[in-house]
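Take a look at the letters that make up each chain.
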Amino acid sequence: MVVAYHGAEELRTCLATVSVRYAVTVVDNSQSREVAEVVEGAGARYIDAGGNVGFAAGVNLALSAIRADPPADVLLLNPDAHIAADDVAELHRFLHAAGNDRI
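Attention here is on the structure that accompanies the text. (Residues numbered from 1 in each chain as written. Predicted model: local features only at pLDDT ≥ 70, side-chain atom pairs only at ≥ 80, totals over all residues. Heavy atoms only, no water.)

Here Ser 64 shows up in helix α3 (residues 55-66). Overall, Ser 64 belongs to the partly exposed group, its relative accessible area being 48%. (Helix = DSSP H or I, 4+ residues; strand = E, 2+ residues; numbered from the N terminus. Buried < 20%, exposed > 50% of the residue type's maximum accessible area, 1.4 Å probe, protein only.)

Below is the structure:
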């Protein structure tokens, strides 16, 4: 899940690595057509927040929207984050490894 405010090119780079393997939801606090086009081009889910509602409210919007799926785990990313899909998989393995019940 990504909460964006403008920064379409940074978002494009962020989504290029994770949206090919994972379902990604992007909440757009900027109501930017460029952000919407990047999200659509990456095959991610786009949510227009209706204005700059802030990071926490953006997260809540996304969680409400994906709750129906229901996701087992949620990773919050900033649009300028660059993480490889394999690294996300490693985080997931660590999260669910024996002895990591409190993580």
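Now that the structure has been shown, we can carry on.
As a further point, take a nonpolar patch on the surface. Taken together, the side chains of Phe 55, Val 74 and Leu 76 define a hydrophobic patch exposed on the protein surface, amounting to about 250 Å² of accessible area. Tracing the backbone shows Val 74 in the loop between α3 and α4 (85-95). (Patch = residues over 30% accessible without salt bridge, like charges linked within 9 Å, V, L, I, M, F, W, Y side chains within 5 Å. Areas by Shrake-Rupley, 256 points an atom, 1.4 Å probe, with all protein chains shown as cover. Salt bridge = Lys/Arg side-chain N within 4 Å of Asp/Glu carboxyl O.)

To continue, consider the pattern of salt bridges. Within the structure shown, the criterion is met by five salt bridges. Salt-bridge contacts for Arg 21 lead to Asp 86; the nearest nitrogen and oxygen are separated by 2.6 Å. Here Arg 21, found in the loop between α1 (8-18) and β2 (25-28), pairs with Asp 86, found in helix α4; they are 65 residues apart in sequence, far enough to count as distant. A salt bridge links Arg 33 to Glu 37, with the nearest nitrogen and oxygen atoms 3.5 Å apart. Residue Arg 33 and its partner Glu 37 are both found in helix α2 (residues 33-42); the two are separated by four residues, about one turn of the helix. Residue classification places Arg 33 among the partly exposed positions, given a relative accessible area of 46%. With a relative accessible area of 45%, Glu 37 lands in the partly exposed category. If you follow the salt bridges from partner to partner, you end up with Arg 33, Glu 37 and Glu 40 in one network.

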